[in-house]
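What follows is the residue order along each chain.
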Amino acid sequence: MATPVLDKVEAESAASPYITVTFRIRRFNPEVSDEAQWQDFQIDIDPKERVLDGLHKIKWELDGSLTFRRSCAHGICGSDAMRINGRNRLACKTLIKDINPDKPITIEPIKGLTVQKDLIVDMEPFFQAYRDVMPFLVTSGNEPTRERLQSAEDRERFDDTTKCILCAACTSSCPVFWNDGQYFGPAAIVNAHRFIFDSRDEAAEQRLEILNDKDGVWRCRTTFNCTDACPRGIEVTKAIQEVKRALITRRF
């Protein structure tokens, strides 16, 4: 005859939301080997948890040497962009249940940037392209006596591209960027767009000339990978096309 204690344990076990999931992670440590290799980890996790939670569980309980970036864990900082089952995503916004946990979940660093260790890549080329497009408001004249006013309609013109969190998911999903690291990339163009179409800014022409370079906006092949990869839902390809159109018409 079953005891009440065992009945309670069995009932809790049956009601447990946890499932066993395999994380297949591409590991790379330059101090150990010049070649990357895949390593499997099996963990018990609630499918409603996020991939980032699974990575934390592996690092904190199974292998403290696993290396990856993360900060806010709420899809704002953009630091935990990685390839999950072959697609660029933020680990903190990707639920286990949404990516078929019955099969191994493959995790690897984003492409097109040099891997430094495990899931960490060198972001400096990405940020250099961002700096090169002058991602700041440029005005002339004396300091204003009041704020620089802007209509709601003028603000709406570039509202979409203000959402960029510099996660590099769009740029590192671009086939052109994979093959030519000199290409500015979608994120830099998106951030240039944000100021090119700002009615308060006075450096639109200068930014357009920067993007008119051979490694600029004309390298885009309109594959829409960048739009699909953006975790903030920015219409990246549309923004790139608007910059191209502005270069042709020179109307803002």
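Everything quoted here is computed from the prediction, not taken from an experiment. Throughout this description, residue numbers start from 1 for each chain and increase along the sequence as written. Since the coordinates come from a predicted model, pLDDT governs what is reported: local features require at least 70, and pairs of side-chain atoms require 80 or more to be given and counted, while whole-chain, interface and lining totals use all residues. For side-chain calculations, the full set of non-hydrogen atoms in the structure is used, while hydrogens and water are omitted.

Visitor: Sorry if this is basic, but what is going on with the overall build of the protein chain here?
Guide: Helix numbers and strand numbers start at the N terminus; a helix is a DSSP run of H or I with at least 4 residues, a strand a run of E with at least 2. What the protein chain contains, in helices and strands, is 9 helices and 7 strands. The quantity called the radius of gyration is restricted to C-alpha atoms. Its globule counterpart is 2.2 Å times the number of residues to the power 0.38. Taking 18 Å as the expected radius of gyration for a compact globule of 252 residues, we find that the protein chain reaches 23 Å, considerably beyond that expectation. Projected onto the principal axes, the alpha-carbon positions of the protein chain cover approximately 85 × 45 × 35 Å. Relative accessibility decides the category of a residue: with a 1.4 Å probe and only protein chains considered, values under 20% of the type maximum give buried, values over 50% give exposed, and everything between is partly exposed. The 252 residues of the protein chain split such that 43% are buried. Whether two residues are in contact is decided by their heavy atoms, any of which lying within 4.5 Å being enough. Across the protein chain, the fraction of contacts at a sequence separation of at least 24, relative to all contacts at a separation of at least 6, is 63%. The Shrake-Rupley method, run with a 1.4 Å probe sphere, supplies the accessible areas, and residue values consider only the shown protein chains as cover. Carbon together with sulfur atoms contributes 48% to the accessible area of the protein chain, which is approximately 13800 Å² in total.

Visitor: What should I look at first to understand the nonpolar core in this one?
Guide: General note: in soluble globular proteins, nonpolar side chains tend to be found buried as a group. Grouping buried Ala, Val, Leu, Ile, Met, Phe, Trp, Tyr and Cys residues that are joined through side-chain atoms within 4.5 Å yields what is termed a nonpolar core. Counting residues in each nonpolar core, the largest one holds 65 residues, and the members touching the most others are Phe23, Ile25, Val51, Leu55, Ile107 and Leu211. In this structure Val51 touches Phe23, Ile84, Ala91, Thr94, Ile96, Ile99 and Ile107, once residues within four positions along its chain are discounted.

Visitor: Looking at this structure, I do not really get the sheet that holds strand β3 (residues 81-84). What am I missing?
Guide: In a beta sheet, neighbouring strands pair by backbone hydrogen bonds and run either parallel or antiparallel. Should DSSP find at least two bridges between two strands, the strands are regarded as paired. Across the sheet, 5 strands lie side by side as β2-β1-β5-β3-β4; this open sheet has mixed pairing. Strands with a single pairing partner mark the edges of an open sheet, and in this sheet they are β2 (37-45) and β4 (87-90). Between one strand and the next, the sheet's axes are offset by a mean angle of 35 degrees, whatever the strand orientation. The pairing of β3 with strand β5 (residues 105-108) spans 2 bridges and is classified as antiparallel. Residue pairing across strands places Arg83 opposite Glu108, the latter belonging to β5. Note on geometry: axes are C-alpha line fits, over the in-contact stretch for helices, and angles between N-to-C directions span 0 to 180 degrees.

Visitor: Before we go on, may I ask you to explain the environment of Val138 in this structure?
Guide: Of note, Val138 is situated in the loop between α3 (124-132) and α4 (152-156). Separated by 63 residues in the primary sequence, Val138 and Asp201 have C-alpha atoms spaced 5.3 Å apart. Beyond its immediate sequence surroundings of up to four residues, Val138 is in contact with Arg200, Asp201, Glu202, Ala203 and Arg207.

Visitor: Got a minute to help me understand helix α9 (residues 236-249) in this structure?
Guide: The α-helix winds at 3.6 residues per turn, so residues separated by three or four positions along the chain end up facing the same way. Given a helix with a known number of residues, its expected span is that number minus one, times 1.5 Å. With 14 residues, α9 ought to run about 20 Å at 1.5 Å a step, and its terminal C-alpha atoms sit 20 Å apart, in line with that. Those residues of α9 not exposed but buried are Val236, Thr237, Ala239, Ile240, Glu242, Val243, Lys244, Ala246 and Leu247. Looking at the buried positions of α9, the neighbouring elements they touch are α6 (186-196), α7 (204-211) and α8 (225-229). Once α9 finishes, Arg250 follows within two positions and takes phi at roughly 55 degrees, a positive value.

Visitor: Where do I start with unusual backbone geometry in this structure?
Guide: The phi torsion of most residues other than glycine is negative, and most of the peptide bonds are trans. At Asn85, a position not held by glycine, the phi torsion is positive, near 50 degrees. Backbone geometry places Met134, a non-glycine residue, at a positive phi of 60 degrees. Residue classification places Met134 among the buried residues on the basis of a relative accessible area of 12%.

Visitor: Explain the packing of aromatic side chains to me, please; I cannot follow it from the model alone.
Guide: Describing an aromatic ring pair means giving the distance of the ring centres and the angle of the ring planes. Note on aromatic pairs: the rings of Phe, Tyr and Trp (six-membered ring only in Trp) are paired at centre separations within 6.5 Å, and the planes decide the class, stacked below 30 degrees, edge-to-face beyond 60, tilted for the rest. Counting across every chain of the model gives 1 aromatic pair. Pairing Phe126 with Phe127 gives two aromatic rings, centres 5.2 Å apart and planes at 75 degrees, and the pair type is edge-to-face. Accessibility expressed as a relative area gives 26% for Phe127, which makes it partly exposed. A cation sits over an aromatic face here: Arg157 above Phe197, 4.0 Å from the ring centre. The positively charged end of Arg194 is found above the aromatic ring belonging to Phe195, 4.0 Å away from the centroid. Over a ring means this: the NZ of a Lys or the CZ of an Arg is within 6 Å of the ring centre and within 35 degrees of the ring normal.

Visitor: Would you mind showing me how to read the pairing of β3 here?
Guide: Of the two faces of β3, the one carrying Ala81 and Arg83 and the one carrying Met82 and Ile84 are both buried. In terms of strand pairing, β3 meets β4 through 4 bridges, oriented antiparallel. Counterpart to Ala81 in the pairing with β4 is Leu90. Here β3 folds back onto β4 in antiparallel fashion, the turn holding 2 residues, of which Asn85 has a positive phi close to 50 degrees.

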